[in-house]
Each structure stands twice: as C-alpha cells, then as structure tokens.
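# Structure at a glance
So you can see what is in the structure, the chains are spelled out below.
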Number of protein chains: 2
Amino acid sequence: MPDSAPERRIRMTVAYDGTPFHGWQVQPGQITIQSELQRAFLAITRMPIVVQGSGRTDAGVHALAQVAAFTTRSRIPIANLARAMNHLLPGAIRVTSVEEVPLAFHAQWDAKSKLYEYRIYRDEICSPFERPYVHHFPFPLDDEKVIDAAPVFEGEHDFSAFAAKDERYGPGYSQVRTIYASVARREGPRLIYRVRGSGFLKHMVRNLVGTLLEVGRGNMGKEDVRGLLQGAARSASGPTAPACGLFLVEVTY
Amino acid sequence: MPDSAPERRIRMTVAYDGTPFHGWQVQPGQITIQSELQRAFLAITRMPIVVQGSGRTDAGVHALAQVAAFTTRSRIPIANLARAMNHLLPGAIRVTSVEEVPLAFHAQWDAKSKLYEYRIYRDEICSPFERPYVHHFPFPLDDEKVIDAAPVFEGEHDFSAFAAKDERYGPGYSQVRTIYASVARREGPRLIYRVRGSGFLKHMVRNLVGTLLEVGRGNMGKEDVRGLLQGAARSASGPTAPACGLFLVEVTY
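Sequence order as written defines residue numbering, which begins from 1 separately in each chain. Chain letters start at A and ligand numbers start at 1, both assigned in the order the entries are written. Local features in this predicted model are restricted to residues whose pLDDT is 70 or higher, and side-chain atom pairs enter the listing and the counts only when it is 80 or higher, whereas totals over whole chains, interfaces and linings include all residues. Hydrogens and waters are ignored; side-chain quantities use all the structure's heavy atoms.

What follows covers the relation of the copies chain A and chain B. Least squares is the method for superposing the copies, and the C-alpha atoms it fits come from residues with pLDDT of at least 70 in both. Take chain A, turn it by 180°, move it 0.0 Å along the axis, and it overlays chain B with an RMSD of 0.0 Å. Considering both components of the superposition, the chain copies are consistent with a two-fold axis. Taking the C-alpha atom as reference, chain A places Phe129(A) closest to the rotation axis, 4.7 Å from it. Contact criterion: two residues are considered in contact whenever any of their non-hydrogen atoms come within 4.5 Å of each other. Both copies share a contact surface, since 100% of the interface residues of chain A are interface residues in chain B too.

Structural data, given as structure tokens:
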C-alpha cells in the first residue's frame, strides 16, 4: 500500500454550491459532493477513503460549512491537505479547513446541532446573481404570518408530518427531534428562515418552509401547524419547498 | 402583419449573469443575450426585433444594468413588457425596466458614459458562491501599488495599447477615449476596480486590469503604464484579465 502509516481520523469543513451536483451522497453514475471529495483524495494519495458527512444534503442544496470525516493511513500533512484538495476539486466545492480528530469521531452521531438557512426572494424580479440561491416567491404572501408562525416548531416534537419517506426510517424509528430555534425575518427583499435543531429528517427543513408558506398564503393557521407536531401524516403539512433556497450553515459538536 | 401600429422605440434595462452565454452579440448557433431578448419578444408579439445594446459584452461578462433599445410596431403595453419578457427569458437574464423613448434614441451613440466594475478575489480560498463573479487571484500582489496606479488611466488618452483587434477598428479609427474615473480599492477579500469612461474599446477594461495586475506583481511601474497612453502597441501592456470578474454597472445618457 503506498505511503502507509498508522490510521488517522481527519475532519474537513466543506462549502459547496449544490447547483451542479446530485446531492451529497455517492450515487452510481452521478457526480455528488461525497464522490468528488473521495475522488480528489484518491488522486492526491492513491489511497481510497469513505467520507462520512454530518448528514446528506439533497440535490441542489448548498452548504456554507458541512462537516465530513474520514479515516486514512496516508502520511499527507494536514497543513497541505486543504490546498491539495482544492486544487483538484471543482470550484463549486471548497475545503475550508482540515484538522485531525480522535479516531472515534463520527461526523453525524457526534453532532450536537445543525443550523440551516432558507432564503425566499420576495421581489417581483429576482437578480440573476441570486437566482440559484433563493426560492423566488413573488406571489401574495403575508410575511408577518410566516414570521409569527415560525417559532411554533421550537421544542421537542414528533416531526413525522414533515419527513419524506426514507429507507432508513423503518417501523419504530423515532421521528422525534428537538428544534432549539426557529425564526423567520425579513432582510431587504429576502424572507430568511433559520432553524437550529438536534437533527433533521429527510426534507424536513424544506417541509417546514413549505408549511410556513401555506400559513403566509392564508391556507393554514398557526394553530393548524401546532396540531401537526404530534406525529400527523405527511399529507397534512405543506409541500416541499425547492432545494435551491436551502443552506446548511453550521454543524456544532 | 399581426398587431401592427405606428413605430415605437423602446428602451430596456437588462441584468444578466454572463456565465451561460456566448456574450451579448448574436452569433449563429450560439445562445447570446441579444438573441435571447429577440427570441422572447418574438414569442410574445410574433414580431421580430433587432435589439441594439449600449455595447457588446464579451462571453462571460456580466451586467447589472445594460441598456438596449429596439423599434417595433407591436401594440404591447409598456407596462406589461418586462413581466412578459421575464416569463420567457432564462433566469440568468432579467429585464429590470422598460420605457418608451424618442424614435431617434440610439443605445450606443447616445451613451454619455459607462461604468464598469472588475472584482478580484484575493483570499486563498474563493467562496463557491462568488467564484463565477470574480477573478480569483490569491497570488503575491501588492494591492497598494494597484490602488496607487489605477488613476493613471484618467483623462483623454490613446488606448491602442489596451484594445483587442476588432473588425470595426479600420485604419484611421480613433482609439482615443476619455476616462472620467479609475479607482481601485480593497473591500474585504476583494480588490475592486471601478472605471467610468466615455466609451471603451474591445477588451479594454480587462486589459486595463491585466496591466494593473502587472503593476501589483512588480513587473511594471506606474510610469511605465503612463508611457503606454500615447498609442503604444497592444503587446506593451499586460494580459487580458478573465471575463468572469467584469460587470457592466451603469450606462448614462
């Protein structure tokens, strides 16, 4: 085996524009963030890795600071790794920091919280430069109703009504999660929703946003939303908001 | 002829992300800004137009407010035109305003000045979200020398040393232009160059920037640049900076 040494666990922070990728997770025949990271590391060291993210992001979702970890016996110095990876990665993926962590570090199970941001663009005309990074929604919407309803999600609840079906969610899988903060506010032409929680189910943030938009459109009330938080059916909540408005902002450990 | 009425001259302000287009100018078999505007208008009114821009932008160059005009006998109300055009245009092109102007209005010849901005990104790691809109230049560069040299271009000069060859520039074509303001400054990780002038030759802003970068790298002095402003050969100045960092910001009339 080339360049072999004792096992090390390496944690990377990664920013990406999700537009050109088929999501985080490796999929046969598709270009994904995970596959690009693994390909770049292999090209540098000739040693394969399996990169473990803090969670999967859907196709089209962006990240300011996704966290990912892998184990390797490569001797490559940590100090050189970000530059070497960025040299080989497409410009839409950047490794922003690298550090060595204990071998037991798990990017998903050790995460204490995640912060997501969802950007809704409210003006009639959406700037060509923001378009890939927002959900353009110039239609009638009472922003104040969205802002008022957003904190309803805070606390520990059964979020079944906001989870897409997933092969990982078998019978008995708990869909209870804790939301620490759930806040919407207007920032210029943007209605920004930020949500921090212990963990998120598949499509959960996009379904929270889709439901808040139903509130803003007058199709649901704040109390209707509250009623969905004891394990209501997925069909009872709003549609899934588009991926392009969503950013994974931070993962804490 | 469908929907025919007296001739009107219409002026549009257009923003575009130049990344996916082969520049402004119609070219056979290529998707350009001009061709997309003409196609959208034809689809709405079934009447062809020839859109005249304030100038051509190169492939990959962006615009916050390009100005374009055309003459039509269509009866379409001005108030509806921006929305109808934006409905049919790709999201990377937006018509931001529309107004009726005198029939004699010429988007290029009537322009009094144009303002361009060029964005150089100086940090080692370039955000994936800014990458298509900057020239990433993390290499050694004395920003202060660039800032100090930028105003040398101000005034009326022969800019032959900064003009690409163009079929429009025959013998006797004057390459004298007036630069009203030429300023570089640091804004966070960005070195921003703004230049306002009476008009610009082909590749001129990108060649001014390429020359300022030579100054910042220590390959040329401010006085060398001054010496190029009496009609020196193109080969005497710096290379052409990449298109993706350039924005047409404003055209005044």
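This paragraph deals with the packing of helix α1 (residues 33-45) of chain B against helix α2 (residues 78-88) of chain B. All names here are of chain B. Two elements in contact, α1 and α2, have axes whose closest approach is 9 Å; the angle formed by their N-to-C orientations is 110°. When the axes of α1 and α2 are compared, the pair comes out roughly perpendicular. Judged by the twist between their axes, the crossing of α1 over α2 is right-handed. Facing α1, whose interface residues are Leu 37, Arg 39, Ala 40, Phe 41, Ala 43 and Ile 44, α2 presents Leu 81, Ala 84, Met 85 and Leu 88. The residue classification treats Ala, Val, Leu, Ile, Met, Phe, Trp, Tyr, Cys and Pro as nonpolar and Asp, Glu, Lys and Arg as charged. All others, Gly included, are polar. The residue makeup of the contact of α1 with α2, split by class, is nine nonpolar, no polar and one charged. To obtain an axis, a line is fitted to C-alpha atoms, over the contacting stretch when the element is a helix, and the angle between two such axes runs from 0 to 180 degrees between their N-to-C directions. Strands are runs of DSSP state E lasting at least two residues, helices are runs of H or I lasting at least four, and both sets are numbered from the N terminus onward. An angle counts as roughly parallel when it lies under 35 degrees, as roughly antiparallel when it exceeds 145, as roughly perpendicular when it falls between 65 and 115, and as oblique in every other case. Helix crossings get a hand from a simple test, with the near helix turned counterclockwise from the far one by less than a right angle marking a left-handed crossing and a clockwise turn marking a right-handed one.

Across the contact, 21 residues belong to chain A and 21 residues belong to chain B. Two parts placed together each lose some accessible area under a 1.4 Å probe, and adding up what both lose gives the buried area. The contact between chain A and chain B buries some 1,500 Å² in all, and 69% of this surface belongs to carbon and sulfur atoms. By the criterion of area lost to chain B, the three top residues of chain A are Ile125(A), Pro128(A) and Phe129(A), representing 39% of everything that side buries. Salt bridge criterion: a side-chain nitrogen from Lys or Arg within 4 Å of a carboxyl oxygen from Asp or Glu. Taken together, the links from chain A to chain B amount to two salt bridges. The definition of a polar contact used here is a pair of N or O atoms within 3.5 Å, where within protein one atom must be able to donate a hydrogen and the other to accept one, and adjacent residues in sequence count solely through side-chain atom pairs. The tally of links from chain A across to chain B stands at four residue pairs in polar contact (both at pLDDT 80 or more). By residue class, the composition of the side of chain A that touches chain B is 12 nonpolar, four polar and five charged.

All right, on to the packing of aromatic side chains then. Note on aromatic contacts: the rings of Phe and Tyr and the six-membered ring of Trp form a pair at centre separations within 6.5 Å, being stacked when their planes are under 30 degrees apart, edge-to-face when over 60 apart, and tilted otherwise. A full pass over the atoms with the stated rule returns 19 aromatic pairs over all chains. Centre to centre, the rings of Tyr116(B) and Phe200(B) are 5.1 Å apart; their planes meet at 85°, and the pair counts as edge-to-face. With a gap of 84 residues between them, Tyr116(B) in strand β5 (residues 113-121) and Phe200(B) in the loop between β9 (190-197) and α4 (204-216) connect regions that are remote in the sequence. Within the aromatic cluster, the residues linked to one another by ring pairs are Phe129(A), Tyr133(B) and Phe247(B).

A few words on the pairing of strand β10 (residues 246-252) of chain B. Each pair of strands is called paired provided DSSP finds at least two bridges between the two strands. Pairing of strand β3 (residues 62-74) of chain B with β10(B), which is carried by two bridges, proceeds in the parallel orientation. Pairing of His62(B) across the sheet is with Phe247(B), part of β10(B).

In plain terms, two cysteine sulfur atoms within 2.5 Å form what is called a disulfide here. In this structure the tally under the stated criterion is zero disulfides over all chains. For the unlinked cysteine Cys244(A), the closest cysteine sulfur is that of Cys126(A), found at 9.0 Å.

Let's shift gears to empty space enclosed by the protein. All names here are of chain B. Cavities and pockets are found on a 1 Å grid laid over the protein atoms alone: a cavity is a set of points where a 1.4 Å probe fits but cannot escape, a pocket is an open set with protein on both sides within 12 Å along at least five of seven lines, and a lining residue has an atom within 4 Å of such a point. Grid points are joined across faces, edges and corners, and a volume is the space filled by probe spheres set on the points. Throughout the structure, instances matching the rule amount to two cavities of 30 Å³ or more. Taken as a whole, the largest cavity spans an internal volume of roughly 40 Å³. Lining the largest cavity, in full, are Ile 120, Val 146, Ala 184, Leu 191, Tyr 193, Val 209, Leu 212 and Leu 213. Secondary-structure elements contributing two or more residues to the lining of the largest cavity are β9 and α4. Per-element accounting of the lining of the largest cavity gives the leading share, three residues, to α4. Classifying every residue of the lining of the largest cavity gives eight nonpolar, no polar and no charged. A volume near 30 Å³ is recorded for the second largest cavity.

In many reports, interface size means the accessible area that the parts give up when they come together. All names here are of chain A. Either an automatic procedure or a domain database provided the assignment from which the domain bounds are taken. Once the domains are mapped, chain A shows domain 1 (2-101) and domain 2 (113-252). The C-alpha centroid of domain 2 is placed 28 Å from the C-alpha centroid of domain 1. Across the contact, 16 residues belong to domain 1 and 15 residues belong to domain 2. Buried surface at the junction of domain 1 and domain 2, summed over both partners, amounts to about 1,300 Å²; 54% is from carbon and sulfur atoms. For domain 1, the biggest contributors to the area lost against domain 2 are Arg 56, His 62 and Leu 64; these three give 40% of the whole. The residue Asp 58 makes a salt bridge to Arg 206 at a minimum N-O spacing of 2.8 Å. At the boundary of domain 1 with domain 2, the tally comes to eight residue pairs in polar contact (both at pLDDT 80 or more). For the side of domain 1 that touches domain 2, the class distribution of residues is six nonpolar, seven polar and three charged.

A separate point is the layout of surface pockets. Residue and element names in this part refer to chain A. For the largest pocket, the calculated volume is near 850 Å³. Along the wall of the largest pocket there are 38 residues; nearest its centre are Gly 55, Arg 56, Gln 108, Arg 168 and Phe 200. Breaking the lining of the largest pocket down by element, the ones donating at least two residues are β2 (52-53), β5 (113-121) and α4 (204-216). With three residues, the single largest contributor to the lining of the largest pocket is α4. Tallied by class, the residues present in the lining of the largest pocket amount to 14 nonpolar, 15 polar and nine charged. In this structure, the lining of the largest pocket is formed jointly by two domains, domain 1 (2-101) and domain 2 (113-252), each of which donates at least three residues. Taken as a whole, the second largest pocket holds about 730 Å³ of empty space.

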